[in-house]
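Now for the letters of each chain:
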Amino acid sequence: MVRDCIFCRIGSGDAPGVLLYRNEHCFAVADIEPKAPVHLLVIPNQHFTYLGSLAPSFYTVLGEMFAAARTLAETHGIAGSGYRLVVNQGENAGQQVSHLHLHLLGGRPLDAMG
Ligand code: AMP
Ligand code: ZN
């Protein structure tokens, strides 16, 4: 738990947020500035900033995050039409929140990445 981290605060119930999914590894919320009709964030319960700071013993958490994204894509009706999973890491990727998270985007054709 990092006190000034908004995702730690939502996950612990210290800040408001509607949890769309939760298990012992991760939880999901809707992005407050959605870039697509479906834009959810899958967030590990534990605070990590970068993949590079993740110990191999926590790789299970990454798998759980992808499994959660798959489930959420199904429950939000975008599994068939397709979706994008994004992890922004560091300055060049424009990472705004320093708590690792997986964006799940879908519900419309998505622009080519660049
Ligand atoms: P990133 O650029 O990958 O760090 O993305 C951070 C995302 O978190 C952005 O898309 C923000 O809109 C989103 N965000 C920031 N604060 C909140 C919040 N309190 N609840 C939901 N999403 C948030
Ligand atoms: Zn955090």
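Described below are features of the structure shown in this document. These figures come from a predicted structure and were not determined experimentally.

We now examine the sheet that holds strand β3 (residues 38-44). The antiparallel open sheet is built from 5 strands, whose spatial order is β1-β2-β3-β5-β4. Looking at strand neighbours, the two that pair on one side only are β1 (21-22) and β4 (83-86), the edges of this open sheet. Alignment of β1 against strand β2 (residues 26-30), held across 2 bridges, turns out to be antiparallel. Of the residues in β2, the one forming a bridge with Tyr 21 is Ala 28. Of the strands in this sheet, β1, β2, β3, β4 and β5 (102-106) touch helix α2 (residues 59-75), which is tilted by about 155° from β3.

The buried count for β2 comes to 4 of 5 residues, which makes it a mostly enclosed element. In sequence, β1 turns back onto β2 through a hairpin of 3 residues. When β2 meets β3, the two strands line up antiparallel, connected through 5 bridges. Its bridge partner being in β3, Val 29 is matched across the sheet by Leu 41.

Rules behind the numbers
Residues numbered from 1 in each chain as written. Chains lettered and ligands numbered in written order. Predicted model: local features only at pLDDT ≥ 70, side-chain atom pairs only at ≥ 80, totals over all residues. Heavy atoms only, no water. Pairing = 2+ DSSP bridges. Helix = DSSP H or I, 4+ residues; strand = E, 2+ residues; numbered from the N terminus. Contact = heavy atoms within 4.5 Å. Axes fitted to C-alpha atoms, helices over the stretch in contact; angles between N-to-C directions. Buried < 20%, exposed > 50% of the residue type's maximum accessible area, 1.4 Å probe, protein only.

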